[in-house]
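Descriptive analysis of the structure
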Amino acid sequence: MSELNVKRHPFHLVDPSPWPLFASVASFVLVIGGVLYMHSYENGGITFFLGFALLGYTMFVWWRDIVRESTYQGNHTKQVQTGLRYGVLLFILSEVMFFFAFFWAYFHASLAPAIEIGAIWPPLGIEPMNAWEVPFLNTLILLTSGATVTWAHHAIVAGYRKEAIVALILTIALAVVFTGLQLFEYMTAPFSISDGVYGSSFYMATGFHGFHVFVGTCALAVCLIRQIKYHFTTTHHLGFEAAAWYWHFVDVVWLFLFVSIYWWGGQ
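Residues numbered from 1 in each chain as written. Predicted model: local features only at pLDDT ≥ 70, side-chain atom pairs only at ≥ 80, totals over all residues. Heavy atoms only, no water.

Brief notes about the state of the cysteines
Convention followed: Cysteine sulfurs are considered disulfide-paired once they come within 2.5 Å of each other. Residue exposure (1.4 Å probe, protein chains only): buried if accessible area is under 20% of the type maximum, exposed if over 50%, otherwise partly exposed.
For the structure shown, the criterion picks out 0 disulfides. Of all cysteine sulfurs, the one in C223 lies closest to C218, which takes part in no disulfide; the gap is 11 Å. Assessed through its relative accessible area of 29%, C218 is described here as partly exposed. The exposure class of C223 is buried, given its relative accessible area of 4%.

Dropping the structure here:
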């Protein structure tokens, strides 16, 4: 190796990549399609799903490149991993602010109900869901998934590969059951997103949480595949750590949703 090619620092200078541009275009198509669909424009739904497919493909190829840089090229040194951990924490902080806005809107509407909705909460004509049926069951399921993902983390650190695989499979299965129950809840709900401020705040908060559960499930599925392929070691498993932190964040948000919207807001 010539002296010009010797790496004299622990940082990773990434190669030029087309995926940030692809992600921007896909996100733009996704948002435009969503707006067109919600305003009943022709082909709005097709545009939305096209954007969703493009974004999903971009995520796949971008993650593929990052996995290659980390696992096979050895570019994720300890210094790089530290920077990535800060990035994940800042991302989760931005997600906290995202959900904070929904809780702000919900409490703004519920703590001082307007006269237009009868000056009471829940508004007149709204039959809230029973918090101790499907929502409580989903709470138990999501908390259990938090325990299994922690089990997977400890198994990876201890070098117990098979136990980590079993724990990840259980976590993903619980996540799928949670999503299925939430879809069942939406299909049987006595109100819709168009039913005033209650419906809009309920479906926006719980719907975006459901989307985050879907994203977290995809991340954990990638981690399961990588664990099966021997990508993770006892000291180098940042991809799993990021997914686990994200999953615990999803757990905590659901607890706030259950207490404030399902339990307190449904009384």
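That was the structure; now back to the text.
Things to note about the pattern of salt bridges
Two side chains carrying opposite charge are able to pair once their charged atoms lie near each other. What counts here: Between Lys or Arg on one side and Asp or Glu on the other, a salt bridge is scored when a side-chain nitrogen of the former is within 4 Å of a carboxyl oxygen of the latter. The secondary structure listing takes helices from DSSP runs of H or I that are at least 4 residues long and strands from runs of E that are at least 2 residues long, numbered from the N terminus.
Counted under the stated rule, the structure contains 3 salt bridges. Measuring nitrogen to oxygen at the nearest pair gives 3.1 Å for the salt bridge that ties D65 to R68. Residue D65 and its partner R68 are both found in helix α2 (residues 44-72); the two are separated by 3 residues, about one turn of the helix. The partly exposed category is assigned to R68, whose relative accessible area is 35%. Between E241 and R85 there is a salt bridge; the shortest N-O distance is 3.0 Å. Within this pair, whereas E241 is found in helix α7 (residues 238-264), its partner R85 is found in helix α3 (residues 78-111), the two being separated by 156 residues in sequence. A relative accessible area of 25% places R85 in the partly exposed class. Residues participating in the shared-partner salt-bridge network are R64, D65 and R68.

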